[in-house]
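Letter by letter, the chains look like this.
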Amino acid sequence: MTPHPMHGPNLFKLGVFSTNADGGLTVTKVPERWTAAWPQIVQAAQIADRAGIDFFLPIARWKGFEGETNARQHSFETFTFAAALAGVTERIGLFSTVHVPMVHPVFAAKAWATVDHASNGRAGLNIVAGWNPDEFGMFGLERVDAPYDQAGEWIEIIGRLYSEAAPFDYDGRFYKLRKAATAPKPLRGVRPPVLNAAFSPPGRAFAAQHADFLFTTFKSIEAGRDTIEDVARRSEQTGRKVGVYTTTHVVCRPSRAEAEDYYEHYAVTMADNAALDYMMGTQAANASNHDAETYRLRRKWFAGGAGTYPLIGTPDDIAEQMVEMSRAGFAGTTVSFVNFVNELPFFCDGVLPLLRKAGLRA
């Protein structure tokens, strides 16, 4: 088999993030906002696949953010999402994003292996410990006091299900299993790549022990070096090597002024402020995805892309910042847009050749 796309030749990997939910990462009322209609998603996936983008990553949402748009209420479940896209793509890695408390590990192991077989070995998993209490309430769950301890048991069980031939019992704090087993196993005989979306020290510790890649945010590219160095130290202690990815929202236009004007239009003038208040308030109270300064000063970032780093400008501007990310030590980044079908082609045609020229893309 060919290598998994996450282990392919591109030095700086790129992923398309959040096409499975309406609005994508934005909280905006512009008429061209992403509706996440299935034909649009297929079109975006095929654009990314043909362009050589490395992976396709969905968000996991069960409840919207209220306001005028109720952004993210319309969203596709992510195992089914990845399996369906397997049949209409050829090369791109297909991740599923899972909130650990909502999905039992025995089910997750079966579903994940199904995606891996359907995609001929292109499956991946993004583990989220869970943060939104309103979503927990929909499942009749209370948030546990040690979410990463639960996530550790969860991924350990999946690893054993994939590596052990005989059924086994498991007696943990969060899971107590009897004669657990699964088949089929993943195609390569080992667990497919795992992302862990985390910012906090407990999240980094979990990634160093259990994940292949940490998926994190930053307020400046230079500040991201601290996270990379911290993860490297933690990984050394666990005897593992964990790559660090970040996440961005993109406005790529022929001129910088055009890009900045559109960013101001959709993320400020046309922001869904009621939904934005709900999203930011809930995240700040219950998650550790960003530092306090980001919540206080970066409202535009949250309307523009859920608090991710903005890449606003021409193809040259965006490629230059991605080169800086690579020099800082990031293994790659995700990108999101107001409308993926409308904006991905210009991004791919303009930015990818510059990254190839810089030696970051094969």
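Residues numbered from 1 in each chain as written. Predicted model: local features only at pLDDT ≥ 70, side-chain atom pairs only at ≥ 80, totals over all residues. Heavy atoms only, no water.

Draft legend 1. Main features of the state of the cysteines. Applying the stated criterion to the full structure yields 0 disulfides. Residue cysteine 252 stays outside any disulfide, its sulfur separated by 9.7 Å from that of cysteine 348, the closest cysteine. (Disulfide = S-S within 2.5 Å.)

Draft legend 2. Focus on the nonpolar core. Phe56, Trp154, Met322 and Phe347 are the most contacted members of the largest nonpolar core, which has 102 residues in total. Sequence-distant contacts of phenylalanine 56, defined by excluding residues within four places in its chain, comprise Val16, Thr19, Ile41, Ala44, Ala45, Ala48, Phe81, Leu85, Ile92, Gly93, Leu94 and Phe95. Residues Ala197, Phe213, Tyr245 and Ala306 belong to the second largest nonpolar core, which totals 15 residues. (Core = buried A, V, L, I, M, F, W, Y, C linked by side-chain atoms within 4.5 Å. Buried < 20%, exposed > 50% of the residue type's maximum accessible area, 1.4 Å probe, protein only. Contact = heavy atoms within 4.5 Å.)

Draft legend 3. Expanded view of the side chain of aspartate 22. Take aspartate 22: it is sitting in the loop between β1 (13-17) and α1 (38-51). The residues touching aspartate 22, leaving out its near neighbours within four places in the chain, are Arg33, Trp34, Thr35, Ala36, Thr69, Asn70, Ala71, Arg72, Gln73 and His74. (Helix = DSSP H or I, 4+ residues; strand = E, 2+ residues; numbered from the N terminus.)

Draft legend 4. Here's a closer look at the pattern of salt bridges. Enumeration according to the criterion identifies 18 salt bridges in this entry. The shortest N-O distance in the salt bridge between arginine 33 and aspartate 22 comes to 2.9 Å. Of this pair, arginine 33 sits in the loop between β1 and α1 while aspartate 22 sits in the loop between β1 and α1, and the two are 11 residues apart along the sequence. The burial state of arginine 33 is the same as that of aspartate 22; both residues are buried. In this structure, aspartate 277 engages arginine 299 in a salt bridge whose closest nitrogen and oxygen atoms are separated by 2.9 Å. Of this pair, aspartate 277 sits in helix α9 (residues 273-286) while arginine 299 sits in helix α11 (residues 299-305), and the two are 22 residues apart along the sequence. Under the relative-accessibility criterion, arginine 299 is labelled partly exposed at 33%. Look at the salt bridges and you will find they share partners, linking Arg204, Asp230, Arg233 and Arg234 into a network. (Salt bridge = Lys/Arg side-chain N within 4 Å of Asp/Glu carboxyl O.)

Draft legend 5. Up close: unusual backbone geometry. Here the bond from alanine 183 into proline 184 is cis, since omega is 10°, no more than 30 degrees from zero. Tracing the backbone shows proline 184 in the loop between β6 (176-180) and β7 (194-197). Of note, asparagine 120 is a non-glycine position whose phi angle comes to about 60°, a positive value. Relative to the elements of secondary structure, asparagine 120 occurs in the loop between α3 (105-118) and β4 (123-128). Residue classification places asparagine 120 among the exposed positions, given a relative accessible area of 55%.

Draft legend 6. Highlighting the environment of isoleucine 41. You can see isoleucine 41 is positioned in helix α1. Along the chain, isoleucine 41 and glycine 121 lie 80 residues apart, while their C-alpha atoms are 21 Å from each other. Dropping the residues within four chain positions of it, isoleucine 41 is found in contact with Thr19, Asn20, Trp34, Ala36, Phe56, Phe76, Phe81 and Leu85.

Just distances and angles here, no functional claims.
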